[in-house]
Amino acid sequence: MTPDFDIIIVGSGPAGVSAAFPLVEAGIRVLMVDGGRKPDVLPPERDFLSVRANDDDQWQWMLGKDFHALKMYDTVSPKLRVPSLAYVFEQFERENKIVGEDFVTIGSLASGGLSNAWGCGVARFSGEELESFPFPASELKASCAGVALRMGISGGVADDLSDFFGLDEWTQPPIEMDRLHSYLLNRYTASRRKLASLGFKTGRARIAVISNDRDDRQACNLSGNCMWGCRRRALYSAADELSALLKYDNFTLQSGFLVDSVSNQYGLRVIQGKSASEQAYRTISAKKILLAAGTLATTRLALQALGKYEEDVPLLSCPTAAFMLWVPRFLGIRRMPAIGIGQLAFTLALTGGITAYGANLATTGIGMSEFLRRAPLKRRNGIELFRNLLSSCIIGGLFLPGNLTRASACLRKDDSLHISGQYCDGATAVMNEAETKLRKSYSKLGALLIPKSFTIGSVGGDIHYAGTVPMKSAPSRGESTALGEVKSLDDVHVIDGACIPALPGKPHTFMIMANADRIAREIADRFKSSNS
């Protein structure tokens with residue numbers, strides 16, 4: 001039986017497109033399928049401050065016709081609550097048969113996956129963080145370079161976080177910081193030694209946003225629309241790479257096709273699914289299948305193909321917290337144009353060798369409701385307070401390593417994936433230590449951590465999921481090899497977060513992309529060898 005394609009990639013998110021490039025460049029026939037959802041609420045055309053003052057129809061993208069902004073309150077990031085990104089998450093749980101029990105389950109059916117709605121944070125795992133990976137760290141070098149140059153990263157500068165991010169050799173210059181962040185960075189430079197005793201370091205955030213024009217993308221212009229969607233495409237999204245892939249004759253995209261199962265027929269691997277317009281399921285065959293549907297959806301497909309029912313598999317998920325800083329020196333200044341995602345990043349050394357990571361961002365580009373819901377005041381009083389205070393405030397987010405969450409996934413007999421979890425016993429103490437150290441550190445920088453603003457997110461609300469089908473040197477059933485090939489499931493490779501065996505607190509999307517590129521390069525070499 002002749003396969004329909006050499007390789008099928010399930011999912012067009014960061015992992016899927018990163019694997020697709022090496023494969024199509026090697027001449028391999030690739031089919032990519034994805035959920036295919038598109039936005040039905042467009043982001044603002046003008047900068048955030050202008051449209052907030054002048055757009056009569058702003059309610060449509062501020063609240064949404066179905067009040068999307070008032071939903072998803074379990075998530076920490078305000079980006080998940082903007083109506084222009086509602087299409088990314090709509091019907092994900094129902095269509096993929098994902099059920100969360102005391103766990104926030106977030107995934108995407110959109111072309112480009114969750115990269116449409118991420119915070120653009122990028123980092124390279126250190127040698128220590130890669131110790132549990134079943135291959136030498138050097139194998140990722142070429143993939144890191146290729147992915148970094150393809151997606152476009154800014155923020156490269158010699159500072160105290162250069163080693164932490166490990167990306168500066170491929171980065172563009174930093175994007176201009178606003179006055180508040182510049183002030184904090186200058187104060188940090190003068191107080192670095194004192195802050196070292198608290199384990200606090202800060203520096204420019206390395207982000208997947210371009211500061212120089214390239215190809216058909218325009219550099220960041222400080223519109224402040226990062227949360228809502230950048231019409232200049234300065235922020236990286238995997239969806240923007242599909243047009244480049246479609247220039248290859250050996251690449252086929254079937255958007256709007258939802259995969260329900262993976263199986264083996266006549267010695268070939270097949271996916272079964274259907275699009276919204278189809279009444280019946282159909283199958284598509286290939287020599288290999290790469291699962292890149294996002295950790296949760298990929299886990300369900302892999303466990304289902306294995307017949308691994310009613311057995312728990314572990315799930316890594318980063319505990320998170322959000323907080324708000326007030327910089328009194330800037331009280332009364334006007335809100336200013338600014339990039340609306342991470343400007344300064346920080347690391348915090350905590351007891352037990354734990355390293356927390358976080359980033360600070362401007363309040364420009366975020367609706368006031370995000371702040372009112374966290375204020376310990378009545379709504380009317382909160383509005384009056386923030387009208388005067390907001391321009392001198394900065395918000396921040398903090399991430400802890402994924403092993404501080406005790407979570408698991410289990411495939412039920414009805415083929416639904418149930419996910420449950422809770423923070424580990426010591427996680428709250430770690431969060432309390434982090435809050436205390438942040439309060440002291442920012443105080444030395446002239447910023448006050450607003451009382452009661454430090455809010456721990458719900459379990460799973462971080463979207464940093466990984467490790468359900470982890471790569472191991474000697475994998476057991478349900479684990480995967482160094483190439484992501486699932487044990488007992490030949491020719492099915494997991495290439496997204498599900499195969500990542502460790503999840504530090506730092507951003508992990510970049511490493512998922514680099515690992516997917518690495519796996520695809522090796523698979524492409526094997527294809528070429530078998531055909532020579």
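These numbers come from a predicted model, not from an experiment.

**Looking at the overall build of the protein chain**
Consideration 1: Regarding its fold elements, the protein chain presents 14 helices and 19 strands.
Consideration 2: The globule rule puts the C-alpha radius of gyration for 532 residues at 24 Å, and the 23 Å found for the protein chain is close to it.
Consideration 3: Structurally, the protein chain occupies a C-alpha span of about 70 × 50 × 45 Å along its principal axes.
Consideration 4: Residues counted as buried form 61% of the 532 residues belonging to the protein chain.
Consideration 5: In the protein chain, the proportion of contacts linking residues at least 24 apart, taken out of those at least 6 apart, comes to 74%.
Consideration 6: On the protein chain, roughly 21300 Å² of surface is accessible, and the fraction owed to carbon and sulfur atoms is 49%.
Consideration 7: One way to put it: in the protein chain the 60 positive side-chain charges average out to a point 6 Å from where the 55 negative ones average out.

**Some words on the pattern of salt bridges**
Consideration 1: One pass over the structure, following the stated rule, counts 27 salt bridges.
Consideration 2: Of the charged contacts, one joins Asp 159 and Arg 206 as a salt bridge, the two residues approaching to 3.1 Å between their closest N and O atoms. Taken as a pair, Asp 159 in the loop between α6 (141-151) and α7 (162-165) and Arg 206 in the loop between β4 (200-204) and α9 (242-245) lie far apart in primary sequence, 47 residues in all.
Consideration 3: The partner of Arg 282 in a salt bridge is Glu 278, with the nearest N and O atoms 2.5 Å apart.
Consideration 4: Because the salt bridges share partners, they merge into one network encompassing Asp 6, Arg 29 and Lys 287.

**Overview of the layout of surface pockets**
Here the idea is plain: a probe the size of a water molecule rolls over the atoms and shows the empty space left.
Consideration 1: Approximately 730 Å³ is the volume attributed to the second largest pocket.
Consideration 2: Forming the boundary of the second largest pocket are 30 residues, of which Glu 129, Gly 353, Ile 354, Thr 355 and Pro 504 lie nearest the centre.
Consideration 3: Split into classes, the residues belonging to the lining of the second largest pocket amount to 15 nonpolar, eight polar and seven charged.

**Points about the sheet that holds strand β15 (residues 417-423)**
Consideration 1: Taken in spatial order, the five strands of this open sheet run β3-β15-β14-β9-β18, and their pairing is mixed. Edge positions in the sheet fall to β3 (98-101) and β18 (465-466), since each of these pairs with one other strand and no more.
Consideration 2: Taken together, the two bridges between strand β9 (residues 313-317) and β18 define a ladder with antiparallel strand orientation. The residue bridging Ser 317 from the neighbouring strand is Tyr 465, located in β18.
Consideration 3: On the sheet, helix α10 (residues 295-306) packs against β3, β9, β14 (405-411), β15 and β18 and is oriented at approximately 125° with respect to β15.

**Some remarks on α10**
Each α-helix winds once per 3.6 residues, and so residues spaced three or four apart point in a common direction.
Consideration 1: For α10, which comprises twelve residues, the first-to-last C-alpha distance of 16 Å matches the rise-based estimate of 16 Å (1.5 Å per residue) to within 8%.
Consideration 2: Burial of α10 is extensive: eleven of the twelve residues sit out of reach of the surface.
Consideration 3: Just beyond α10, the residue with positive phi is Gly 307, at close to 70°.

**Here we look at the UniProt feature "domain: FAD-binding" (unreviewed entry) in the protein chain**
Consideration 1: When the UniProt feature table is mapped onto this chain, "domain: FAD-binding" (unreviewed entry) is found at residues 5-39.
Consideration 2: Between the first and last C-alpha atoms of residues 5-39 the distance is 30 Å; the span itself is 34% helix and 31% strand.

**Details of unusual backbone geometry**
Consideration 1: Of note, the phi angle at Leu 222 is positive, near 60°, even though the residue is not glycine.
Consideration 2: You can see Leu 222 is positioned in the loop between β4 and α9.
Consideration 3: A residue is classified by how much of its surface remains accessible, and Leu 222, at 16% relative accessible area, is buried.
Consideration 4: Even without being glycine, Asp 415 reaches a positive phi, approximately 70°.

**Notes on the pairing of strand β10 (residues 320-326)**
Consideration 1: Most of β10 is tucked away, with six of its seven residues classed as buried.
Consideration 2: With two bridges connecting them, β10 and strand β17 (residues 455-456) associate as antiparallel partners. Paired with Ala 322 across the strands is Thr 455, a residue of β17.
Consideration 3: Where β10 and strand β16 (residues 448-449) come together, two bridges link them in antiparallel fashion. Across the sheet, residue Trp 326 finds its bridge partner in β16, namely Leu 448.

**Section: the packing of helix α1 (residues 14-25) against helix α14 (residues 509-531)**
Consideration 1: Axis separation between α1 and α14 bottoms out at 8 Å; the angle between their running directions is 30°. Our classification of the angle between α1 and α14 gives roughly parallel. With respect to the hand of their crossing, α1 and α14 are arranged in right-handed fashion. For the pair formed by α1 and α14, the contact residues are Pro 14, Ala 15, Ser 18, Ala 19, Pro 22 and Leu 23 on the first element and Thr 509, Ile 512, Met 513, Ala 516, Asp 517, Ala 520, Arg 521, Ile 523 and Ala 524 on the second.
Consideration 2: When the residues that make up the contact of α1 with α14 are grouped by side-chain class, the tally is eleven nonpolar, two polar and two charged.

**Description of the side chain of His 464**
Consideration 1: Relative to the helices and strands, His 464 resides in the loop between β17 and β18.
Consideration 2: For His 464, the residues in contact, after removing those within four places along its chain, are Leu 316, Ser 317, Cys 318, Phe 399, Leu 503, Lys 506, Pro 507 and His 508.

**Let's talk about the packing of α6 against α14**
Consideration 1: Contact geometry of α6 with α14 gives a least axis separation of 8 Å together with a crossing angle of 120°. Looking at the two axes, α6 sits oblique to α14. Read as a crossing pair, α6 and α14 show a hand that is right-handed. Every residue of α14 that contacts α6 at Ala 142, Ser 143, Cys 144, Val 147, Ala 148, Arg 150 and Met 151 is listed here: Phe 510, Met 511, Met 513, Ala 514, Asp 517, Arg 518 and Arg 521.
Consideration 2: Of the residues assigned to the contact of α6 with α14, the class counts are nine nonpolar, one polar and four charged.

Calculation notes
- Residues numbered from 1 in each chain as written.
- Predicted model: local features only at pLDDT ≥ 70, side-chain atom pairs only at ≥ 80, totals over all residues.
- Heavy atoms only, no water.
- Helix = DSSP H or I, 4+ residues; strand = E, 2+ residues; numbered from the N terminus.
- Rg over C-alpha atoms; globule rule 2.2 N^0.38 Å.
- Buried < 20%, exposed > 50% of the residue type's maximum accessible area, 1.4 Å probe, protein only.
- Contact = heavy atoms within 4.5 Å.
- Areas by Shrake-Rupley, 256 points an atom, 1.4 Å probe, with all protein chains shown as cover.
- Lys, Arg positive; Asp, Glu negative; His and termini not counted.
- Charge placed at Lys NZ, Arg CZ, Asp CG, Glu CD.
- Salt bridge = Lys/Arg side-chain N within 4 Å of Asp/Glu carboxyl O.
- 1 Å grid on protein atoms, 1.4 Å probe; cavity = no way out; pocket = protein on both sides within 12 Å on 5 of 7 lines; lining within 4 Å.
- Points joined across faces, edges and corners; volume = space filled by probe spheres on them.
- Nonpolar A, V, L, I, M, F, W, Y, C, P; charged D, E, K, R; others polar.
- Pairing = 2+ DSSP bridges.
- Axes fitted to C-alpha atoms, helices over the stretch in contact; angles between N-to-C directions.
- Expected span 1.5 Å × (residues − 1).
- UniProt positions renumbered as here; feature names shortened; annotations may be inferred.
- Parallel < 35°, antiparallel > 145°, perpendicular 65-115°, else oblique.
- Left-handed = near helix turned anticlockwise from the far one by under 90°.

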